[in-house]
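Analysis of the macromolecular model
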Amino acid sequence: MHKKIMSTGLSWFWLALVIMLFDIGSKQFVMRHCWLSESVPVMPFINFTYAHNPCAAFSCLAEKGELQRWILSFISVIIIVFHLVIMYRLDKQAILTNIVYSIIVGGALGNLFDRMVHSFVIDFIIFYVGDWYWPTFNVADIGICMGAILGLVFLPVGHTTR
């Protein structure tokens, strides 16, 4: 028997779209208002620094050249489809689980969009304390990380999708 999509976790897909659109919009803002590598202080511990990242986190796959674009895009599609299938199997009332999966999907869609349109991911947020700097990231990365953290903290191990 087929479920009505709006009775499943896919009814939360709007949240993924909000994350993706906020990510794309923030990157467009930075591309229009900053020069590549320009750094603008935002707060005492955050700068906006426009950067192109052709790799994965921490320059993973940097040595693979153009191939890494397609490898990372394929991995993103697998992650997105995997989470959407789980959301389809969930009831829309599984609010926290659907939020976790939606923000991960939204972040993955934002970075996938960059890889398809620009051949690289646009990063611009730098968090630092004194001389210590976290690698440059973006809104999509925040969504993926927050979804993963929320999932680890609040979702029971081995939770069911039924």
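Definitions and cut-offs
- Residues numbered from 1 in each chain as written.
- Predicted model: local features only at pLDDT ≥ 70, side-chain atom pairs only at ≥ 80, totals over all residues.
- Heavy atoms only, no water.
- Axes fitted to C-alpha atoms, helices over the stretch in contact; angles between N-to-C directions.
- Helix = DSSP H or I, 4+ residues; strand = E, 2+ residues; numbered from the N terminus.
- Parallel < 35°, antiparallel > 145°, perpendicular 65-115°, else oblique.
- Left-handed = near helix turned anticlockwise from the far one by under 90°.
- Contact = heavy atoms within 4.5 Å.
- Nonpolar A, V, L, I, M, F, W, Y, C, P; charged D, E, K, R; others polar.
- Pairing = 2+ DSSP bridges.
- Salt bridge = Lys/Arg side-chain N within 4 Å of Asp/Glu carboxyl O.
- Buried < 20%, exposed > 50% of the residue type's maximum accessible area, 1.4 Å probe, protein only.

1. Brief notes about the packing of helix α1 (residues 13-33) against helix α3 (residues 95-118)
Remark: α1 packs on α3, axes separated minimally by 7 Å, with the N-to-C direction vectors making an angle of 40 degrees. With respect to each other, α1 and α3 are oriented oblique. Along this stretch, α1 crosses α3, giving a crossing that reads as right-handed. The residues of α3 that touch α1, namely those facing F13, L15, A16, I19, M20, D23, I24, K27, Q28 and M31, are I99, S102, I103, V105, G106, G107, L109, G110, N111, F113, D114 and H118.

2. Description of the packing of α3 against helix α4 (residues 139-154)
α4 packs onto α3 with a crossing angle of 155 degrees between their chain directions and a minimal axis gap of 7 Å. Viewed along their axes, α3 and α4 adopt a mutual orientation that is roughly antiparallel. Along this stretch, α3 crosses α4, giving a crossing that reads as left-handed. Where α3 approaches α4, its residues L96, V100, I103, I104, G107, A108, G110 and N111 are matched on the opposing element by A140, D141, G143, I144, M146, G147, A148, L150, G151 and F154. Grouping the constituent residues of the contact of α3 with α4 by class yields 11 nonpolar, six polar and one charged.

3. Observations regarding the pairing of strand β1 (residues 39-43)
Where β1 meets strand β2 (residues 46-53), four bridges bridge the pair, whose relative direction is antiparallel. By the bridge assignment for β2, V40 is matched with F48. Following β1, the chain reverses through two residues before pairing antiparallel with β2.

4. Details of the pattern of salt bridges
Opposite charge on two side chains permits them to pair, given that their charged atoms come into close proximity. Evaluated as defined, the whole model comprises two salt bridges. With its nearest N and O atoms 2.7 Å apart, the salt bridge here joins K27 to D23. Of this pair, K27 and D23 both sit in helix α1, four residues apart, which is roughly one turn of the helix. Neither K27 nor D23 differs from the other in exposure class; each is buried.

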